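# Notes for the structure review
Residue strings, one per chain:
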Amino acid sequence: MDRGKEMRGKPGFSLMELIIVIAIMAILASGAAFSISLLRSSDTKALASEINSSFTTLRSENMAKKELSYMHIYYYEDDYYIEMSKNPVPSMDESGRRIGIGSASVKFKGETDILLGSGLNNSLSFCINKKDGSFVPKVNDTELKAASEIEVYSDTLSYKIVLVRDTGRHYIE
């Protein structure tokens, strides 16, 4: 008896149909993985841009007002926040402006490196001198080098915000 004739009348999938379905599922899965990667890279870029523009705001506030303002970048419950405050100590709660999610990492590179969200290192505090617009030379008791940087990175991308201590200049590389 011919097996092909026997199977023709019965419902079911052929091997070719099964291979086509598996191939389509593989294409859809790779497209989803690529989309997630793009979302994470855009989050990383947005986080770096927010930090950089906040330095401009800090400089403007300190040059225009009598009291010193501090900018705090902190990690709280898997999110990054920025807080502008007269207090040199961050509030470390949701009162700051949420600027990014924990899929990116933020690392300060001065005399010693500080990775936000690792152990006790959950905040960075910055201040600008009123008289000349330069950065206050210490961040969390760590000396700023002549050109320190904040690195914002994810699995696929990395952005560096360079901080020039003596001039208060900052830019993204």
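The present account deals with the structure reproduced in this document. Keep in mind that what you see is a predicted model, and the values were worked out from it rather than measured.

About the thresholds
- Residues numbered from 1 in each chain as written.
- Predicted model: local features only at pLDDT ≥ 70, side-chain atom pairs only at ≥ 80, totals over all residues.
- Heavy atoms only, no water.
- Helix = DSSP H or I, 4+ residues; strand = E, 2+ residues; numbered from the N terminus.
- Buried < 20%, exposed > 50% of the residue type's maximum accessible area, 1.4 Å probe, protein only.
- Contact = heavy atoms within 4.5 Å.
- Areas by Shrake-Rupley, 256 points an atom, 1.4 Å probe, with all protein chains shown as cover.
- Patch = residues over 30% accessible without salt bridge, like charges linked within 9 Å, V, L, I, M, F, W, Y side chains within 5 Å.
- Salt bridge = Lys/Arg side-chain N within 4 Å of Asp/Glu carboxyl O.
- Phe/Tyr/Trp six-rings, centres within 6.5 Å; stacked < 30°, edge-to-face > 60°.
- Pairing = 2+ DSSP bridges.
- Axes fitted to C-alpha atoms, helices over the stretch in contact; angles between N-to-C directions.
- Core = buried A, V, L, I, M, F, W, Y, C linked by side-chain atoms within 4.5 Å.

Bringing the overall build of the protein chain into the picture now. Each helix and strand in the protein chain was counted, giving 2 helices and 11 strands. Its helices and strands in sequence order give the protein chain the pattern α-α-β-β-β-β-β-β-β-β-β-β-β, from N to C terminus. For the protein chain, the proportion of its 173 residues judged to be buried stands at 33%. Across the protein chain, the fraction of contacts at a sequence separation of at least 24, relative to all contacts at a separation of at least 6, is 51%. When the accessible surface of the protein chain is summed, it comes to about 10500 Å², and 57% of that surface belongs to carbon and sulfur atoms.

This part is about a nonpolar patch on the surface. On the surface, L15, M16, L18, I19, I20, I22, I24 and L28 cluster together into a nonpolar patch covering about 840 Å² of accessible area. Structurally, L28 can be placed in helix 2 (residues 15-64).

Taken as a whole and judged by the stated rule, the model has 6 aromatic pairs. With 5.0 Å between their ring centres and 80 degrees between their planes, F55 and F126 make a pair best called edge-to-face. Placement of the pair is F55 in helix 2 and F126 in strand 6 (residues 123-127), with a sequence separation of 71 residues. The residues F55 and F126 share a single accessibility class, namely buried. Put simply, the rings of F55, F108, F126 and F135 pair up and form one aromatic cluster.

Two strands in a sheet stick together by hydrogen bonds in their backbones, pointing the same way (parallel) or opposite ways (antiparallel). The 4 strands are arranged 3-2-1-6 in an open sheet whose pairing can be described as antiparallel. The open sheet has two edge strands, strand 3 (97-101) and strand 6, and neither has a second partner. Pairs of neighbouring strands in the sheet enclose a mean axial angle of 20 degrees, with direction left out of account. Note: strand 1 (residues 70-76) against strand 2 (residues 79-85), 7 bridges, orientation antiparallel. Opposite I73, over in strand 2, you have I82 as the bridge partner.

Right, let's get into the pattern of salt bridges. Across all of its chains, the model carries 6 salt bridges by this definition. Where E149 meets K160, a salt bridge forms, and the shortest distance between an N and an O atom there is 3.8 Å. Residue E149 is found in strand 9 (residues 147-153), and its partner K160 is found in strand 10 (residues 158-164); the two are separated by 11 residues along the sequence. Residue class for E149 comes out buried when judged on its relative accessible area of 19%. Via salt bridges that share partners, K109, E149, E151 and K160 belong to a single interconnected network.

Attention shifts here to the nonpolar core. Ranked by internal contacts, the top residues of the largest apolar core, which has 27 residues, are I51, F55, I73, F108, F126, I150 and V152. Taken together, the elements giving at least two residues each to this core come down to helix 2, strand 1, strand 2, strand 4 (105-109), strand 6, strand 9 and strand 10. Looking at this core, the element that brings in the most residues is helix 2, giving 5 residues. Residue contacts for F55: discarding those within four places in its chain leaves M71, F126, F135, I150, I161, L163 and H170.

Coordinates in, geometry out; function isn't part of it.
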